[in-house]
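So you can see what is in the structure, the chains are spelled out below.
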Amino acid sequence: MIINTGQRTDIPAFYAEWFSNRIKEGFVCVRNPYNQSQVSKYRLDPTVVDVIGFCTKNPAPMFRYMDLIKDFGQFWFVTLTPYGRDIEPNVPDKHRLIEDFKVLSEAVGVNSIVWRYDPIFLSDKYSSAYHLHAFRQIAESLKGYTKTVVISFIDLYPKVRKNFPEAREVSKEDRLMLGKEMIHIAAECGMTVRPCAEGDELALYGADCSGCMKISDYEKAIGKRLTAPKKKGARAECGCYLSCDIGAYNTCMHLCRYCYANAKPEVIYAQNKLHDPTSPFLIGNYMEGDKIHEVPQDSWIDLQERF
């Protein structure tokens, strides 16, 4: 099966010690975000977990624990954007992150790491010209360290509207212009552009619009076929294979203004105070009334086929 860590928070950046303890103890408990008394318990064992998926803006805190996860398949999304502290208050220096991306790529392999350049929004400061210049700089720096770059344009979810009220949707004209140029730049650097839940409007220019986190991507990462049960993406337009996520909403300390998973900063700080690196839960611990469901888990590796 596949365990995901990054649709709700950034575990490598802020909770690497906790995650390492979960690997050592061999299990993790996850609260249902919509029913707190319902708890799913997952085994973290490479005999049943074929791939761990990571999404992060800062992989470096996990580097000291890489030996703990070397027996698991891995698939990493690392986000590198051109925004400053006005938009991403707690994201480290981008030049350092580029070097960390390279270190991670060399550790896990070029098929196991993807660069995310998203979300894209436009403003007087972050203009189309600014984006294209920054995109080229990053792409050229990462040449040879990944084969894929995922792009998306900002979606104005309720939490985004609250935390970033001045944000505006990107017009179709700007999406096509930016997408076309980014596809060209990426190709020069040996990368394919995959739009995230943007339909197929960029396919004409050479984008791969089939999804950015598919079973075939996991298969390439581990070099084995997977017989995965069918699952839908998070949204109707999402082509990704989204499996069990062990994160929690309102816990990412990057405090990016465009984040769809975070409430106001004071909520994040309050949640973070409840974090215990030794707990089976990312936030808090066992509570009275918990109904713990041990999730049935099996390896999805097809032992009959070679990749």
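Read on for a plain summary of the structure.

What counts and what doesn't
Residues numbered from 1 in each chain as written. Predicted model: local features only at pLDDT ≥ 70, side-chain atom pairs only at ≥ 80, totals over all residues. Heavy atoms only, no water. Pairing = 2+ DSSP bridges. Helix = DSSP H or I, 4+ residues; strand = E, 2+ residues; numbered from the N terminus. Contact = heavy atoms within 4.5 Å. Axes fitted to C-alpha atoms, helices over the stretch in contact; angles between N-to-C directions. Core = buried A, V, L, I, M, F, W, Y, C linked by side-chain atoms within 4.5 Å. Buried < 20%, exposed > 50% of the residue type's maximum accessible area, 1.4 Å probe, protein only. Phe/Tyr/Trp six-rings, centres within 6.5 Å; stacked < 30°, edge-to-face > 60°. Lys NZ or Arg CZ within 6 Å of the ring centre and 35° of its normal. Parallel < 35°, antiparallel > 145°, perpendicular 65-115°, else oblique. Left-handed = near helix turned anticlockwise from the far one by under 90°. Nonpolar A, V, L, I, M, F, W, Y, C, P; charged D, E, K, R; others polar. Salt bridge = Lys/Arg side-chain N within 4 Å of Asp/Glu carboxyl O. Lys, Arg positive; Asp, Glu negative; His and termini not counted. Polar contact = N/O pair within 3.5 Å; in protein donor to acceptor, adjacent residues only side chain to side chain.

Quick look at the sheet that holds strand 8 (residues 192-195)
In spatial order, the strands read 8-7-6-5-4-1-9; together these 7 strands make up an open sheet with parallel pairing. Only two strands of the sheet have a single partner each, and these edge strands are strand 8 and strand 9 (244-245). Both strand 1 (residues 2-4) and strand 9 contribute to a ladder of 2 bridges, which runs parallel. Residue pairing for strand 9: Ile-3 is matched across the bridge by Cys-244. In the packing of helix 3 (residues 94-108) onto the sheet, the strands contacted are strand 5 (73-79) and strand 6 (113-120), and the crossing angle to strand 6 comes to about 145°. Its contacts with the sheet place helix 6 (residues 172-188) against strand 6, strand 7 (148-153) and strand 8, and it is angled at close to 170° to strand 7.

Remarks on the nonpolar core
In this structure, Phe-19, Trp-115 and Tyr-117 are the most contacted members of the largest nonpolar core, which totals 90 residues. Apart from residues no more than four positions distant in its own chain, Phe-19 is found in contact with Thr-5, Ile-11, Ile-52, Phe-54, Met-62, Ile-69 and Ile-246.

Details of the packing of aromatic side chains
How two aromatic rings sit relative to each other is given by the distance of their centres and the angle of their planes. Applying the stated criterion across every chain, the model contains 16 aromatic pairs. Aromatic side chains Tyr-117 and Phe-135 sit 5.2 Å apart centroid to centroid with 85° between the ring planes, which places their arrangement in the edge-to-face category. Taken as a pair, Tyr-117 in strand 6 and Phe-135 in helix 4 (residues 128-141) lie far apart in primary sequence, 18 residues in all. Pair check on accessibility: Tyr-117 and Phe-135 agree, each one buried. Aromatic rings pair up to connect Tyr-83, Phe-121, Tyr-126, Tyr-130, Phe-164 and Tyr-258 into one cluster. In this arrangement the basic side chain of Arg-22 is found over the ring face of Phe-27, its NZ or CZ atom lying 5.0 Å from the centre. Arg-116 extends its terminal NZ or CZ atom over the ring of Phe-77, reaching a point 5.3 Å from the ring centre.

Things to note about unusual backbone geometry
Note: most peptide bonds trans; most residues except glycine with negative phi. Between Asp-118 and Pro-119 the backbone carries a cis peptide bond, its omega angle lying at 0°. One non-glycine residue, Asn-250, lies in positive phi territory at about 60°. With respect to the element layout, Asn-250 can be found in the loop between strand 9 and helix 8 (265-273). The exposure class assigned to Asn-250 is buried, which follows from its relative accessible area of 16%.

A closer look at the sheet that holds strand 2 (residues 27-32)
Here 3 strands make up an open sheet; going across it, the order is 2-3-10 and the pairing mixed. Each end of this open sheet is capped by a strand with a single partner; those strands are strand 2 and strand 10 (291-294). The mean angle between the axes of side-by-side strands here comes to 25°, regardless of whether they run parallel or antiparallel. Summarising the sheet, strand 3 (residues 35-43) and strand 10 pair through 4 bridges and their orientation is parallel. Across the sheet, the residue bridging to Gln-38 is Lys-291, located in strand 10.

A closer look at the packing of helix 4 against helix 6
In contact at an axis separation of 10 Å, helix 4 and helix 6 are set at 20° when each is read in the N-to-C sense. One element, helix 4, and the other, helix 6, form an angle in the roughly parallel class. Every pair of crossing elements has a handedness; the one defined by helix 4 and helix 6 is right-handed. Only Asp-174, Met-177, Leu-178, Glu-181, Met-182, Ile-185, Ala-186 and Glu-188 of helix 6 make contact with helix 4, whose side of the interface consists of Ser-128, His-131, Leu-132, Phe-135, Arg-136 and Ala-139. Residues belonging to the contact of helix 4 with helix 6 are distributed by class as follows: 8 nonpolar, 2 polar and 4 charged.

A look at the pattern of salt bridges
Summed over all chains, the structure comprises 16 salt bridges. Glu-140 is the salt-bridge partner of Arg-136, the closest N and O atoms lying 3.3 Å from each other. With Arg-136 and Glu-140 both in helix 4, this residue pair falls 4 residues apart, about one helical turn. Judged by its relative accessible area of 29%, Arg-136 is partly exposed.

Focus: the side chain of Thr-5
The topology assignment puts Thr-5 in the loop between strand 1 and helix 1 (11-14). Ignoring sequence-local partners within four residues, the contact set of Thr-5 consists of Ile-11, Phe-19, Ile-52, Gly-53, Phe-54, Cys-55, Asp-245 and Ile-246.

Some remarks on the side chain of Lys-214
Assignment of secondary structure puts Lys-214 in the loop between strand 8 and helix 7 (215-222). This buried residue, Lys-214, is left without a salt bridge; Asp-208 holds the nearest opposite charge, at 4.1 Å. A polar contact is formed between the side chain of Lys-214 and the side chain of Ser-210, at a distance of 2.6 Å.

Considering the environment of Thr-251
As for its position among the elements, Thr-251 is in the loop between strand 9 and helix 8. Spatially, the C-alpha atom of Thr-251 lies 8.3 Å from that of Ile-283, the residues being 32 residues apart in sequence. The contacts of Thr-251, once residues within four sequence positions are left out, are Thr-9, Tyr-15, Asn-262, Ile-268, Gln-271, Leu-282 and Ile-283. Within polar-contact distance, the side chain of Thr-251 engages the backbone oxygen of Ala-248 at 2.6 Å.

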